[in-house]
Amino acid sequence: MKTINNIPCELKTTLKIDTLEVSIIGDWVLEAETPDLAILLAQLGEGSKITRLVFSTMALGRWDSLLMTELINLIDYGAKQGIQVDTATLPSGIQGLLSLVYAVPERVGARRQEVKTHWLEDIGKSGLSIIGDAKALVAFVGEIALSVVSLARGKARFRWIDLWMNIQDCGPSALPIITLISLLVGLILAFVGAVQLSLFGAQIYIADMVGLGMTREMGGLMAAIIMSGRTGAAYAAQLGTMQVNSEIDALKTMGFEPMEFLVLPRLLALILIMPLLCLYADLMGVIGGALVTITFFDVSLVEYFSRTANAVHIPDFGIGIAKCAVFGVLIAVAGCMRGMQCGRSASAVGNAATSAVVTGIVFIVIADSLMTVMCNRLGV
Amino acid sequence: MINSSLRIQNMTMSYGDFIIQRDLNFTISRGDVFIIMGGSGCGKSTLLMHLIGLHKPLKGDVFYGNESLWQSEHKERQRILKRTGVLFQSGALLSSMTLAENIALPITEHTLLGSRRIREIVAYKLALVGLAGFEDYYPSEISGGMQKRAGLARAMALDPEILFFDEPSAGLDPVSAKLLDDLIRSLRDNLGATIVMVTHELASIFAIGTNSVFLDPETKTMIASGPPRKLLIESRDPKVIRFLTRDETENRNKNETKHQEKCDL
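Residues numbered from 1 in each chain as written. Chains lettered and ligands numbered in written order. Predicted model: local features only at pLDDT ≥ 70, side-chain atom pairs only at ≥ 80, totals over all residues.

## Concerning the overall build of chain A
Secondary structure assignment for chain A yields 12 helices and 5 strands. Over its C-alpha trace chain A gives a radius of gyration of 36 Å, far above what one expects of a compact globule, namely 21 Å for 380 residues. With the principal axes as the frame, chain A shows a C-alpha extent of 110 × 55 × 50 Å. Across the 380 residues in chain A, those meeting the buried criterion constitute 32%. For chain A, restricting intrachain contacts to residue pairs at least 6 apart in sequence, the fraction spanning at least 24 positions comes to 84%. (Helix = DSSP H or I, 4+ residues; strand = E, 2+ residues; numbered from the N terminus. Rg over C-alpha atoms; globule rule 2.2 N^0.38 Å. Buried ≥ 20, exposed ≤ 12 C-beta atoms within 10 Å, placed from the backbone. Contact = placed C-beta atoms within 7 Å.)

Set out below in structure tokens:
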């Protein structure tokens with residue numbers, strides 16, 4: 001049906017005293033070559049004697065939106081010039097559509113003007129938005145604190161099954177990726193150190209370096225960054241979608257506090273699980289280091305592990321685990337806050353997930369630096 | 001010109017092993033406002049999915065004119081479906097784009113028109129549905145009824161021959177629903193398009209439906225077809241009558257007799 005040859009579009013005009021008759025000829029279908037309307041409009045422009053416009057559609061073939069847009073251009077221009085446009089001779093379908101188009105006048109003020117802003121204003125606004133963000137964060141942390149208080153008093157209302165589901169989701173389900181990354185980080189640490197240490201024939205100290213590096217720092221940090229991307233983003237997307245579907249509003253009207261019902265189980269799950277993941281990541285890192293050291297640097301398995309046991313003490317584990325619990329709180333806060341702040345559209349959910357990960361990682365790195373400096377000063 | 005614009009032949013629909021409806025046979029003629037009706041969960045919307053190429057039937061086929069939808073290759077199917085427009089229940093506008101971008105999307109994708117012409121067409125389509133001047137709004141900034149009308153403008157972007165509606169009046173107040181019905185009818189009259197509509201709004205069914213099919217969830221097939229007004233008068237099937245009268249006939253008759261008795265006394 002689409003292969004029918006189109007009859008080219010044409011506009012012919014005949015002037016009778018003060019009336020211009022426009023004959024519309026041919027198939028006016030999308031993608032057809034149209035005659036330039038400007039020539040016709042010029043005839044109607046300033047200084048012309050024409051006061052009335054009529055149409056003849058004897059030779060009009062097929063038509064669609066193309067003809068409609070041209071007619072609307074013509075009618076709008078005519079109205080501006082004070083020319084009476086007579087549409088009575090147009091086919092009834094076109095007349096019907098035209099009456100629909102002009103049935104609802106354009107709402108005054110609906111159209112938007114593009115507002116140009118000065119670059120200084122933009123900078124000022126982004127500065128203010130940082131302050132706004134900081135305020136929102138403080139408010140959010142405050143609300144979490146209140147809900148923790150009500151949890152401690154046994155008044156917080158949430159479903160324990162949700163807590164278990166969240167624990168399942170951020171704990172055991174995350175093990176494969178944690179295994180892979182931690183093993184590789186241990187491996188890399190060992191390689192990097194080994195090249196230097198073997199210059200002095202001190203390969204055995206690879207065990208010290210990997211053990212301390214993983215337990216005090218890298219195990220927790222890697223677990224936190226993985227969980228920020230994996231679970232923080234998921235929290236933001238879940239809560240964001242609930243916001244889009246008005247589920248959070250529904251919870252509020254049923255008398256649930258979203259902070260208690262949604263945020264608390266997620267927060268608790270991460271606080272409980274992160275230290276365990278940290279321990280697991282430590283173990284995987286040490287195994288990764290052992291693999292390298294035993295295979296390439298002539299150290300036996302027993303030597304490696306006894307060296308590790310000598311070098312790493314309980315406080316080292318304690319520091320790593322404590323850090324990781326803090327990271328858990330930060331990841332949950334970033335994810336849940338972005339989710340709760342989410343707008344009501346698909347793209348807003350995407351933005352929420354993105355900024356949850358970005359915020360989470362920024363929090364983690366800042367907190368880690370602070371805690372490392374503190375440990376250093378305190379001599380732990 | 002072929003008189004039937006859509007023909008459904010021996011179609012059986014299922015989700016996996018679960019049969020939704022079987023042995024559907026009906027024809028939608030050019031210029032019809034065809035209503036697909038039935039109670040909740042009878043497979044109305046699923047039938048629509050099958051007609052617009054989103055879900056493959058277990059058996060049978062859909063014919064657009066003489067072309068089979070499900071026997072065709074993917075590219076052929078895309079070409080056939082270019083002649084259709086769909087208005088989804090909630091409008092299904094892409095939320096990250098303005099109304100103008102939403103409507104321009106199919107036009108830029110399927111034609112070689114210049115940007116000025118596309119802008120004019122977008123303005124025209126928005127004016128048709130009563131949203132002149134709302135080009136730069138995002139879907140989240142306008143009301144539900146307006147979103148639905150904007151969705152209609154997008155469905156009409158490429159001047160389709162067949163327009164599909166999934167519960168167009170759901171979630172609208174009676175006046176807006178009536179306005180939408182009027183709009184649909186005048187678009188049918190003026191564009192010569194065929195309308196296929198899934199709905200259970202009785203007011204719309206009787207106001208604009210010219211033909212219909214009734215799906216029954218218990219027997220899992222169609223149990224009536226024909227113009228809705230004629231079905232109301234002539235159908236003998238209690239299920240169809242109960243649906244078309246909102247199950248109020250009995251009550252109404254009772255009330256009338258009571259009223260009569262009072263008058264007699």
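Alright, that's what it looks like, and here's the rest.
## Examining the interface of chain B and chain A
By a widely used convention, the size of an interface equals the accessible area lost when the partners come together. Between chain B and chain A, the residue contacts involve 22 residues of the former and 24 residues of the latter. Going through the elements one at a time, helix H4 (115-128) and helix H6 (174-191) of chain B are the ones with two or more residues in the side of chain B that touches chain A. Split by residue class, the side of chain B that touches chain A holds 9 nonpolar, 9 polar and 4 charged. (Nonpolar A, V, L, I, M, F, W, Y, C, P; charged D, E, K, R; others polar.)

## Some points on the domain arrangement of chain B
Residue and element names in this part refer to chain B. For chain B, the assigned domains are domain 1 (1-83 + 161-171 + 180-253) and domain 2 (91-159). On a C-alpha basis, the centroid separation for the pair domain 1 and domain 2 is 26 Å. Each side of the interface is counted separately: domain 1 has 5 residues, and domain 2 has 7 residues. (Domains from an automatic or database assignment.)

## Some details on the packing of helix H2 (residues 65-81) of chain A against H4 of chain B
Contact pair H2 of chain A / H4 of chain B: the axes reach a minimum separation of 9 Å and the direction vectors enclose 85 degrees. Comparing their axes, H4 of chain B and H2 of chain A come out roughly perpendicular. Contacts from Ser 65, Met 68, Thr 69, Ile 72 and Asn 73 of chain A of H2 of chain A reach H4 of chain B at Glu 120, Ile 121 and Tyr 124 of chain B. Across the contact of H2 of chain A with H4 of chain B, the residue classes break down as 4 nonpolar, 3 polar and 1 charged. (Axes fitted to C-alpha atoms, helices over the stretch in contact; angles between N-to-C directions. Parallel < 35°, antiparallel > 145°, perpendicular 65-115°, else oblique.)

## Quick notes on the nonpolar core
In this structure, Ile 36, Leu 126, Ala 153, Phe 164, Ile 195, Val 196 and Met 197 of chain B are the most contacted members of the largest nonpolar core, which totals 87 residues. Take this core: its biggest share by element is 7 residues, from H4 of chain B. Core analysis: the next-biggest nonpolar cluster, separate from the first, contains 64 residues, Leu 189, Ala 207, Met 222 and Val 286 of chain A among them. (Core = buried A, V, L, I, M, F, W, Y, C linked by C-beta atoms within 7 Å.)

## What to know about the packing of helix H3 (residues 99-110) of chain B against helix H5 (residues 144-155) of chain B
Residue and element names in this part refer to chain B. Taken N-terminus to C-terminus, the directions of H3 and H5 make an angle of 25 degrees; their axes are 8 Å apart at the nearest point. By the criterion of interaxial angle, the relationship of H3 to H5 is roughly parallel. Judged by the sense of rotation from one axis to the other, the crossing of H3 with H5 is right-handed. Taking contact as the criterion, the partners of Leu 99, Asn 102 and Ile 103 in H3 are, on H5, Ala 150, Ala 153 and Arg 154. Of the residues in the contact of H3 with H5, the class split is 4 nonpolar, 1 polar and 1 charged. (Left-handed = near helix turned anticlockwise from the far one by under 90°.)

## A word on the confidence of the model for chain B
Residues and elements named next belong to chain B. Taken as a whole, chain B shows an average pLDDT of 85; of its residues, 92% reach a score of 70 or greater. Averaged pLDDT values for the elements of chain B fall to 51 in helix H10 (residues 249-264) and rise to 92 in strand S8 (residues 194-198). Scoring of the predicted complex yields 0.74 for pTM and 0.74 for ipTM. (pLDDT = per-residue confidence, 0-100.)

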